Amino acid sequence: PSVYANTDTNIYINGAALSGSSRNDLYTQGTGRTLITHENAYTTDWTSFRVGAWIHTYWNYKGKISEMTFFDSNQSANREAIEKDIANFHNITLS
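This write-up is about the structure you can find in this document. None of these values were measured; they are calculated from a predicted model.

Quick word on the environment of Gly52
Item 1. Assignment of secondary structure puts Gly52 in the loop between strand E3 (36-39) and helix H2 (79-90).
Item 2. For Gly52, a relative accessible area of 28% gives the class partly exposed.
Item 3. Taking the C-alpha atoms as reference points, Gly52 and Gly63, 11 residues apart in sequence, are found 9.1 Å from one another.

Here is the structure:
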């Protein structure tokens, strides 16, 4: 999606692939009690890291973030199990 410069990035919302390809799609579909996974995100060229905010203020997140998990190696093969564990803990229904 165009959320990242790397078009190989996969984004999942409650276990299902993001419908659409823009930041607006992610913002719209990511409302409510959701589990959002960014897989294969290319971050090497990032000069900063901000949580819940993009350049435009109308994309800023307003709400509560209960958990953030980062891995320093590729965990794509384990994504579904990781999502299931997080969803069970936070009482989120996966698709």
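Concerning a nonpolar patch on the surface
Item 1. Judged by side-chain polarity, Trp46, Phe49, Val51, Tyr61, Ile65, Met68 and Phe70 come together as a nonpolar surface patch covering roughly 710 Å² of accessible area.
Item 2. Within the secondary structure, Trp46 is located in the loop between E3 and H2.
Item 3. Of the residues examined, Trp46 reaches a relative accessible area of 37% and is grouped as partly exposed.

Quick word on the packing of aromatic side chains
Item 1. According to the stated counting rule, one finds zero aromatic pairs in the structure shown.
Item 2. Lying over the aromatic face of Tyr12, Arg79 brings its terminal NZ or CZ to 3.5 Å of the ring centre.

Notes on the pairing of strand E1 (residues 10-13)
Item 1. One ladder, built from four bridges, connects E1 with E3; its direction is antiparallel. Across the sheet, residue Asn10 finds its bridge partner in E3, namely Glu39.
Item 2. Across two bridges, the pairing between E1 and strand E2 (residues 16-17) is antiparallel. Within the sheet, the bridge partner assigned to Tyr12 lies in E2 and is Ala17.
Item 3. Following E1, the chain reverses through two residues before pairing antiparallel with E2; Asn14 in that reversal takes a positive phi of roughly 55 degrees.

Overview of the sheet that holds E3
Item 1. Taken in spatial order, the three strands make up an open sheet running E2-E1-E3, and their pairing is antiparallel. Each end of this open sheet is capped by a strand with a single partner; those strands are E2 and E3.

Points about H2
Item 1. In this model H2 runs 16 Å from its N-terminal to its C-terminal C-alpha over 12 residues, within 8% of the 16 Å that 1.5 Å per residue would give.
Item 2. For H2, the full list of buried residues reads Arg79, Glu83, Ile86, Ala87 and His90. For H2, the angular spread of the buried residues around the axis is 100 degrees, confining them to a single face. Looking at H2, the residues exposed on the side facing more than 90 degrees away from the buried face are Ala81, Lys84, Asp85, Asn88 and Phe89.
Item 3. Looking at the buried positions of H2, the neighbouring elements they touch are E1 and E3.
Item 4. Following H2 by one or two positions, Asn91 adopts a phi angle in the positive range, close to 55 degrees.

The rules behind these values
- Within every chain, residues take consecutive numbers counted from 1 along the sequence as written.
- Where totals are concerned, whole chains, interfaces and linings use all residues; where local detail is concerned, this predicted model gives features only for residues with pLDDT of at least 70, and gives and counts side-chain atom pairs only at 80 or more.
- Computation of side-chain values covers all heavy atoms of the structure but excludes hydrogens and water.
- Counting from the N terminus, the helices are DSSP H or I runs at least four residues long and the strands are E runs at least two residues long.
- Only protein chains enter the accessibility calculation, which uses a 1.4 Å probe; a residue whose area is less than 20% of its type maximum is buried, one above 50% is exposed, and one in between is partly exposed.
- Note that patches include only residues with greater than 30% relative accessible area and no salt bridge, and the join distances are 9 Å for like charges and 5 Å for nonpolar side chains (Val, Leu, Ile, Met, Phe, Trp, Tyr).
- Per-residue and other accessible areas follow the Shrake-Rupley method at a 1.4 Å probe size, with only the shown protein chains counted as cover for residues.
- A pairing counts as a salt bridge when a side-chain nitrogen of Lys or Arg comes within 4 Å of a carboxyl oxygen of Asp or Glu.
- Any two of the Phe, Tyr and Trp rings considered here, Trp counted by its six-membered ring, make a pair once their centres fall within 6.5 Å; the pair's planes then place it as stacked at under 30 degrees, edge-to-face at over 60, or tilted in between.
- A ring is considered to have a charge above it if a Lys NZ or an Arg CZ atom is located within 6 Å of its centre and within 35 degrees of its normal.
- A pair of strands is considered paired only if DSSP assigns at least 2 bridges between the two.
- Here the expected length of a helix is defined as 1.5 Å per residue gap, with one fewer gap than residues.
- Working note: the arc is built from the helix axis to C-beta atom directions.
- Should any heavy atoms of two residues lie within 4.5 Å, those residues are considered in contact.

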